[in-house]
Amino acid sequence: MDATLREVISEKAGETAFDGFEKSTGALGASVKEVRDVIEMSGKTVFRDGRSHYKKTGVILGIVLAVTFLAGNVLGASSSSDSHIDNLTEEYGSWHVGYFDANYVFKQTLLKDDRVTDVVSFDNVGYATLSCIQDTNKPYLFIAGFNEETYEMVPVQLITGRLPKDGSEVLMPSHLLSDINLDCAVGDTLNLAVGLRQDGDDILSQHIPYRPGDELLSVGEDKTYTVVGIYEKPIFEAADAPGYTLITASDRTVLVESISVFVSLKEVEEVYHYADGTAPGADYAVNSKLLQE
């Protein structure tokens, strides 16, 4: 460190102040040389008469200006980054890993894990068919039963209408309407036979692509749903998912075969290690949009 600079600061502010200044600039990620350049520029520009006490005062003022400038830049960058992340979580959700064939015991186990910040889920109510769906890779409607807290981590982008209040109401995804040119509006009703996808004794989840010729849709319960809103395609629905996701409200009085669980982690970098170790061999997905940041 330049001896003259240390001497001037010691004389005007004391050695402790200089040490604190070094720590402050270090925390801000700026080198002392960068700060010194700003200081010298301040002294040369503002104080030109060459008198010693003005020069020293100029140096101290330069320090204040430099630290303020650098702090402002760092805080501004931090604020911008936080705002960007907030925008991402609002659009894509705050979950890091999702399991699509789980149960409530598994969910409770995750809640006790100290690596986890939060866990939410929705019920895998079942699948149904519509005669107008001709897509050979996506022939079903998949009904997901959301809890109120599910929306906090797994956001839904409403286009029109409102969220379902109970298990008799649903949201329709916009990509279903556009893919099959379906004329459906808020207030319409759907009569669906809701069952399970099965391949032999195996129950197939939404994360397993359609298996033509191998799987069957079990005979299900007839249900009538009222459409209360249209929403954008959900981030958790994979491109090869076999069903278009209709969202209803979870009905605690109805038992479901499985649930989908979404986890938010304290250490995002550990997501793959966590997912592989928590449920070896299980199907899961990661929120790639969030992990890219």
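Residues numbered from 1 in each chain as written. Predicted model: local features only at pLDDT ≥ 70, side-chain atom pairs only at ≥ 80, totals over all residues. Heavy atoms only, no water.

## With respect to the sheet that holds strand 7 (residues 197-199)
- The strand order across the open sheet formed by three strands is 8-7-9, and the pairing between neighbours is antiparallel. Each edge of the open sheet carries a strand with a single partner, namely strand 8 (202-203) and strand 9 (216-217).
- In the sheet, strand 7 pairs with strand 8 via two bridges, with the strands oriented antiparallel. Within the sheet, the bridge partner assigned to Gln198 lies in strand 8 and is Ile203. (Pairing = 2+ DSSP bridges. Helix = DSSP H or I, 4+ residues; strand = E, 2+ residues; numbered from the N terminus.)

## Some remarks on the side chain of Ser205
- Assignment of secondary structure puts Ser205 in the loop between strand 8 and strand 9.
- Excluding residues that lie within four positions of it along the chain, Ser205 makes contacts with Phe100, Asp101, Tyr127, Arg197, Pro242 and Asp283. (Contact = heavy atoms within 4.5 Å.)

## Remarks on the nonpolar core
- One finds Phe122, Phe146, Val154, Val156, Phe236, Ile247 and Phe262 to be the most contacted residues of the largest nonpolar core, which totals 20 residues.
- Counting only elements with at least two residues in this core, the list comes to strand 2 (116-129), strand 3 (140-146), helix 6 (150-153) and strand 10 (221-231).
- In terms of residue count, strand 3 provides more of this core than any other element does, four residues in total.
- Every residue in contact with Phe146, bar those within four places of it in the chain, is listed here: Phe122, Tyr151, Val154, Val156, Phe236, Ile247, Thr248, Ala249 and Ser250.
- By size, the runner-up hydrophobic cluster in this structure holds 19 residues, among which are Leu141, Ile180, Ile230 and Tyr244. (Core = buried A, V, L, I, M, F, W, Y, C linked by side-chain atoms within 4.5 Å. Buried < 20%, exposed > 50% of the residue type's maximum accessible area, 1.4 Å probe, protein only.)

## Considering the packing of aromatic side chains
- Throughout the structure, instances matching the rule amount to 14 aromatic pairs.
- Considering the side-chain rings of Tyr99 and Phe106, the 5.1 Å spacing of their centres and the 85° angle between planes classify their relative orientation as edge-to-face. This pair shows no difference in class: Tyr99 is buried, exactly as Phe106 is.
- With centroids separated by 5.5 Å and ring planes inclined at 40°, the aromatic side chains of Phe122 and Phe262 adopt a geometry described as tilted. Here Phe122 is found in strand 2, whereas its partner Phe262 is found in strand 12 (residues 259-265), with 140 residues between them in sequence.
- We classify Phe122 as buried; its relative accessible area is 1%.
- Overall, the relative accessible area of 0% leaves Phe262 in the buried class.
- Among the aromatic residues, those joined into a ring-pair cluster are Trp95, Phe100, Phe122, Tyr127, Tyr140, Phe142, Phe146, Tyr151, Tyr210, Phe236 and Phe262.
- Between Arg197 and the ring centre of Tyr127, over which it is positioned, the NZ or CZ distance is 5.5 Å. (Phe/Tyr/Trp six-rings, centres within 6.5 Å; stacked < 30°, edge-to-face > 60°. Lys NZ or Arg CZ within 6 Å of the ring centre and 35° of its normal.)

## Quick look at the pairing of strand 11 (residues 243-249)
- For strand 11, the tally of buried residues reaches seven of seven residues, placing the bulk of the element in the interior.
- One ladder, built from seven bridges, connects strand 3 with strand 11; its direction is parallel. For Tyr140, the partnering residue across the bridge sits in strand 11 and is Gly243.

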